[in-house]
Amino acid sequence: DGELSLSRSMINSSDKITRKGGSSIFQHSVEGWKINSSLVLEIRKNILRFLDAERDVSVVKSSFKPGDVIHYVLDRRRTLNISQDLHSLLPEVSPMKNRRFKTCAVVGNSGILLDSGCGKEIDSHDFVIRCNLAPVVEFAADVGAKSDFITMNPSVVQRAFGGFRNESDREKFVHRLSMLNDSVLWIPAFMVKGGEKHVEWVNALILKNKLKVRTAYPSLRLIHAVRGYWLTNKVHIKRPSTGLLMYTLATRFCDEIHLYGFWPFPKDLHGKPVKYHYYDDLKYRYFSNASPHRMPLEFKTLYVLHNRGALKLTTGKCV
Ligand code: CTP
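A brief structural summary. (Residues numbered from 1 in each chain as written. Predicted model: local features only at pLDDT ≥ 70, side-chain atom pairs only at ≥ 80, totals over all residues. Heavy atoms only, no water.)

### Let's talk about the overall build of the protein chain
For the protein chain, the helix and strand inventory stands at 13 helices and 9 strands. Within the protein chain, residue pairs in contact and separated by at least 24 positions form 72% of the contacts whose partners lie at least 6 positions apart. As displayed, the protein chain has an accessible area near 15000 Å², and 53% of this comes from carbon and sulfur atoms. (Helix = DSSP H or I, 4+ residues; strand = E, 2+ residues; numbered from the N terminus. Contact = heavy atoms within 4.5 Å. Areas by Shrake-Rupley, 256 points an atom, 1.4 Å probe, with all protein chains shown as cover.)

### Description of the nonpolar core
Core analysis: the biggest nonpolar cluster contains 49 residues, and F149, W186, M246, Y247 and L259 have the highest contact counts within it. Elements with a contribution of two residues or more to this core: α3 (37-48), β3 (101-107), β4 (127-130), β6 (184-186), α11 (222-232), α12 (242-250), β8 (254-260) and α13 (295-307). The contacts of W186, once residues within four sequence positions are left out, are V57, F149, I150, T151, M152, A216, P218, L222, L245, M246 and L249. The next biggest cluster of nonpolar side chains, apart from the first, holds 34 residues, and it includes F64, Y72, V174 and V199. (Core = buried A, V, L, I, M, F, W, Y, C linked by side-chain atoms within 4.5 Å. Buried < 20%, exposed > 50% of the residue type's maximum accessible area, 1.4 Å probe, protein only.)

### Some words on the pattern of salt bridges
A complete count under the given rule lists 10 salt bridges for this structure. Salt-bridge contacts for D123 lead to R130; the nearest nitrogen and oxygen are separated by 3.8 Å. Accessibility expressed as a relative area gives 1% for R130, which makes it buried. Overlapping salt bridges, with partners in common, bring together R55, D56 and R221 in one network. (Salt bridge = Lys/Arg side-chain N within 4 Å of Asp/Glu carboxyl O.)

### What to know about the packing of aromatic side chains
Scanning the entire structure with this criterion turns up 20 aromatic pairs. Between F101 and F127, the aromatic rings sit 4.3 Å apart at their centres with planes inclined by 20°, giving stacked as the arrangement. Note that F101 is positioned in strand β3 and F127 in strand β4, a separation of 26 residues in sequence. For the pair F101 and F127, one class covers both residues: buried. Taken together, the aromatic side chains of F101, F127, F149, W186 and F253 make up a single cluster linked through ring pairs. (Phe/Tyr/Trp six-rings, centres within 6.5 Å; stacked < 30°, edge-to-face > 60°.)

### Looking at the pairing of β8
A large share of β8 lies buried, amounting to 6 of its 7 residues. Two elements, β3 and β8, share 6 bridges in a ladder whose sense is parallel. Across the sheet, the residue bridging to A105 is H258, located in β8. Here 3 bridges tie β8 to strand β9 (residues 312-314), and the two strands are oriented parallel to one another. In the sheet register, Y260 faces β9, and the bridge partner there is T314. (Pairing = 2+ DSSP bridges.)

In structure tokens, the structure reads:
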């Protein structure tokens, strides 16, 4: 079917990147990489036509009052009530207001990070963005430990914390959040129905344990705006992945963006198997119709931007 063949053809085209170009050329392009600052500015300006990360990264308290009913962004017929807890955790002002950094790392969750030795390099960036509450401690040598901004899809509660069924799951979660100190925890709570009870449990745990983490909940227009930007650039991505969302947001406040852990392919350049996630046994979901994403297409887009000096994509070892 369409989706499957698109995925296969994207992988084949990535094979072309690797086979025709050869791994040495890909690596060479990493070694010889130079930032193209005028392109970075142009991309920032163009993205700003669609969204402003300072504003769209989170709704703020004054936008809602407890009891308000909103429609899910990707499921307009379903609604969500803004609870007292959720309202109390909405930030007063955007957590990214006036924040600017020279270099940022956006860390995806691909198994390509294993054995990369990229931990130190990732931690050396001024601002480190991570996805889906990915664990770091046991993998610090490869993925680093610093997290200034971390996303959490509501499904993470089920997938990594046993649905909070017992006390030890909840403790593990509270411990993970306490390690974040006052970093930003970004929870897409208004995208699709299904995760509302998880979001409520998370909110309740943050409040009960007086965690310092700074919660953020993306604006109702963010995903449409991001999709709109990429569509006008002829990149047809219906549902941008968290990683692509993070790169798009980061263009607002980072002069130099370095991406790690983006490799949505089951093999590396030498044909060695690569895990979908560096930290669990989840399989490659984009092969199935269940996945809404087009990660191989996103990867190709990021690869082109890397070659033009707009961002730096690291898919090998860090030296
Ligand atoms: N990623 C990648 N290659 C992989 C796995 C992940 O490039 N093998 C990138 C994607 O941009 C992804 C991000 O890393 O959005 C974070 O990974 P993950 O937590 O797995 O995201 P998913 O849950 O798969 O997708 P999403 O949260 O975007 O729905």
